There are 2 protein chains.
Amino acid sequence: MGKFQDRYEEYRQFFEAALKKFCTELDFRPNVLTESMRYSLLSGGKRVRPVLFFASLELFGADFRRETVLPIALECIHTYSLIHDDLPAMDNDDFRRGNPSNHKVFGEANAILAGDALLSEAAVLLLREAGKDEKHRRAALWLMEAAGAGGMVAGQSADLLYMGKTATEEELDFIYAHKTGKLIAAPVVMAAILAGGDEKNAERFGMELGRLFQFTDDLLDVKGDSALMGKTLGKDAEEDKATCVKVYGLERCELLADRCAAKCLDLLDQFQGDKEFLRGIVDLVRSRDN
Amino acid sequence: MGKFQDRYEEYRQFFEAALKKFCTELDFRPNVLTESMRYSLLSGGKRVRPVLFFASLELFGADFRRETVLPIALECIHTYSLIHDDLPAMDNDDFRRGNPSNHKVFGEANAILAGDALLSEAAVLLLREAGKDEKHRRAALWLMEAAGAGGMVAGQSADLLYMGKTATEEELDFIYAHKTGKLIAAPVVMAAILAGGDEKNAERFGMELGRLFQFTDDLLDVKGDSALMGKTLGKDAEEDKATCVKVYGLERCELLADRCAAKCLDLLDQFQGDKEFLRGIVDLVRSRDN
């Protein structure tokens, strides 16, 4: 585990440095706009998506240190989605990663704009990146499609729709695939596009890992420790959301999460190259306590 | 005026047909997501920005019928900005173009997502367009920068910031340039990039026209007819917003708007080609009653 931890930290710190540089160079006017963007971008988080991107680049034989723009755009998109998701009209969460959510610090109007700004600046980064070559443009496009109305936003919309209703297994799958799957798959697929990996299998593996991620997220909302999670728990049941626990029951959920993790490992095995670190990611996501 | 009107209608109807086709082909799941996007995209509006784009293409000697993707992306961005701007936490407007605003029909959470979806899908369109050639990528990038934290979002943020405060003339200029100017300049600049027009003068003219547009918008909020405008008026004063009327007083405002229109015409004169229609646009924006 020490070796896995070290490599995770290497990727994470490399990303953190690049993101900090990006944030330092932001200087939009008015100041509150820049500050509200920085606040959420730099509020910690495990940086799972950038780590997945770097690890996948290495799996496919590329030098991970050459590609910082795409993971920064991805993290901007992920961060905007959290800011909007936390709004009173959406999930109404006062805390995120142990800190007051964006709208608790800057007010609702500024939080809406901080999210809009992060999504727009991600698109700006992607359009610049698209000028490098066709591979970068394709990777950027995959990310934006994964974030949009055929991806993450669709998942958020479905999540709202099934509040207080009973979702079928197929409907839950749709929510998982879109709310979480697409943006977990994005870094793996982008790496495959850039480094010539198997794009189809990258997507399958990424989507399955996203599914696992949402399984454990739902499970943690029931059995987790809110101090470790840095947010209020038990909210899914309170809001009667469509979760795996509601659809399958707690016990069957744990079983399905194990199966999902096993499928991730199977899909990983189909890649050439050193899969040790990504196996560790699967284990981490299955057994995480935050 | 008949000839001007006819040409405006030709551009507008050409755009309306392309947009309708785009909307028909949207079929995101859940249905409410697609419906909420369509509702605001197809709620009328004068389509000033697309008309400006087509007219500028013709001014610079290009065939306007070949470029529908960029103006659709622009209108998606403009529409998202209106949906978010109408939200209770922002301007809290119940009506837009004579119809209930998006959040009055679909609820706040869905309206936030409809805006996010429109911005994302605009970015998707732009990243596809960027694959055509370098000119299209540059035009797409200009648009996204104009929409983002260095553009329209900055204007929205500054607009909030100066509510209830006294803005200087320089601060009002900043708000005008960003809230309105950038997305009015975008179609003119994009056309110049694509058709080899004078980009610098296109930007100067577009920014000045945007300034005029916001001048008359502020004036109409004081002296307009809410039935013609299709929205509640007198809101700027009620919310004590930074407007030209507040900064300069009504009378001086009319004078400055006239000067602004004259400057637009001067800048137009610096282009080669047939400027008749764009002169008509300047007159229309100066004398509009909605």
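Notes on the structure in this doc start here. Remember, predicted model here, so these are calculated numbers, not experimental data. Counting restarts for each chain, with residues numbered from 1 along the sequence as it is written. Chain labels run from A onward and ligand labels from 1 onward, assigned in the order the entries are written. In keeping with the predicted nature of the model, local features appear solely for residues at pLDDT of at least 70, side-chain atom pairs appear and are counted solely at 80 or more, and the whole-chain, interface and lining totals rest on all residues.

### Some points on helix H14 (residues 250-269) of chain A
Residues and elements named next belong to chain A. Stated formally: In this description a helix means any DSSP run of H or I spanning at least four residues, a strand means any run of E spanning at least two, and both kinds are numbered starting from the N terminus. The span expected for a helix works out to 1.5 Å for each residue beyond the first. To sort residues by burial, count the other C-beta atoms lying within 10 Å of each one's C-beta; a count of 20 or more means buried, 12 or fewer means exposed, and anything in between means partly exposed. C-beta atoms are built from the backbone. Think of it as the arc spanned by the lines of direction from the helix axis to the C-beta atoms.
The end-to-end C-alpha separation of H14 is 29 Å, in line with the 28 Å expected for 20 residues at 1.5 Å each. Within H14, the full set of buried residues consists of Cys253, Ala257, Cys260, Ala261, Cys264 and Leu267. For H14, the buried positions fall inside an angular range of 120° around the axis, keeping them on one side. Exposed side of H14, more than 90 degrees from the buried face: Glu251, Arg252, Leu255, Arg259, Asp266 and Asp269 are the residues found there.

### Comments concerning the nonpolar core
Quick reminder of the rule: Only buried Ala, Val, Leu, Ile, Met, Phe, Trp, Tyr and Cys residues enter a nonpolar core, and they are joined through C-beta atoms within 7 Å. Any two residues are considered in contact once their C-beta atoms, placed from the backbone, lie within 7 Å.
Counting residues in each nonpolar core, the largest one holds 200 residues, and the members touching the most others are Leu143 of chain A together with Leu143 of chain B. Here the element with the most residues in this core is helix H9 (residues 169-195) of chain A; it accounts for 17 residues. Leu143 of chain A has contacts with Leu70, Ala73, Leu74, Leu126, Ala186 and Met190 of chain A, leaving out every residue within four places of it along the chain.

### Side note on the relation of the copies chain A and chain B
How we decide: The copies were overlaid with a least-squares fit restricted to C-alpha atoms from residues scoring a pLDDT of at least 70 in each copy.
It takes a turn of 180° to lay chain A on chain B, together with a shift of 0.0 Å along the axis; the resulting RMSD is 0.0 Å. What the rotation and shift describe, once combined, is the action of a two-fold rotation axis. The overlap is high: 100% of the interface residues of chain A also sit at the interface in chain B, so the same surface is used on both sides.

### Topic: the interface of chain A and chain B
Rules: When residue character is reported, Ala, Val, Leu, Ile, Met, Phe, Trp, Tyr, Cys and Pro are called nonpolar, Asp, Glu, Lys and Arg charged, and the others, Gly included, polar.
Across the contact, 43 residues belong to chain A and 43 residues belong to chain B. Contributing elements (two or more residues each) for the side of chain A that touches chain B: helix H2 (31-41), helix H6 (108-129), helix H7 (134-147) and helix H8 (152-161) of chain A. For the side of chain A that touches chain B, a count of residues per class yields 28 nonpolar, 8 polar and 7 charged.

### Here's the deal with the environment of Leu87 of chain B
Tracing the backbone shows Leu87 of chain B in the loop between helix H4 (69-86) and strand E1 (95-96). A residue is classified by how many C-beta atoms lie within 10 Å of it, and Leu87 of chain B, with 22 of them, is buried. It is 7.0 Å that separates the C-alpha atoms of Leu87 of chain B and Glu108 of chain B, two residues lying 21 residues apart in sequence. Residues within four places of Leu87 of chain B in sequence aside, it is in contact with Ile112 of chain A together with His103, Glu108 and Ala111 of chain B.

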